[in-house]
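As a plain string of letters, each chain reads:
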Amino acid sequence: MTVNAKKIAVYVLVVFALYVIITDPAKAADYVQIAFEDISDAAKAIGDFMTWLADGAKS
């Protein structure tokens, strides 16, 4: 039952993404830019944390 729910959720997300892209491409581009900025910020934070650990976890 869980597999079916996951398939349905993915299908709904894909349909929504296609709808947004078709109806308002500029807004879709903004969403993509926001997502990539968030991913970039998260990767930078992880890098900063790993650097802090490599330096001996000193304040």
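Our structure is the block above this text.
Residues numbered from 1 in each chain as written. Predicted model: local features only at pLDDT ≥ 70, side-chain atom pairs only at ≥ 80, totals over all residues. Heavy atoms only, no water.

Asker: So what exactly am I meant to see when it comes to the overall build of the protein chain here?
Answerer: Within the protein chain, the secondary structure is distributed over two helices and zero strands. Across its three principal directions, the C-alpha atoms of the protein chain cover 50 × 35 × 10 Å. Looking at the 59 residues of the protein chain, the share that counts as buried comes to 3%. Split by element, the accessible area of the protein chain, about 5,300 Å² in all, is 71% carbon and sulfur. Within the protein chain, one finds 5 positive and 7 negative side-chain charges whose respective centroids are separated by 12 Å. (Helix = DSSP H or I, 4+ residues; strand = E, 2+ residues; numbered from the N terminus. Buried < 20%, exposed > 50% of the residue type's maximum accessible area, 1.4 Å probe, protein only. Areas by Shrake-Rupley, 256 points an atom, 1.4 Å probe, with all protein chains shown as cover. Lys, Arg positive; Asp, Glu negative; His and termini not counted. Charge placed at Lys NZ, Arg CZ, Asp CG, Glu CD.)

Asker: Looking at this structure, I do not really get the environment of Ala 17. What am I missing?
Answerer: Note on placement: Ala 17 falls in helix H1 (residues 2-23). Residues Ala 17 and Ile 34 lie 17 residues apart in sequence; the distance between their C-alpha atoms is 15 Å.

Asker: How do you make sense of helix H2 (residues 25-54) when you look at a structure like this?
Answerer: Helical periodicity: at 3.6 residues per turn, an α-helix aligns residues three or four positions apart in one direction. An ideal rise of 1.5 Å per residue puts 44 Å on 30 residues; H2 measures up with 43 Å between its terminal C-alpha atoms. Two residues or fewer after H2 comes Gly 56, characterised by a positive phi angle close to 95 degrees. (Expected span 1.5 Å × (residues − 1).)

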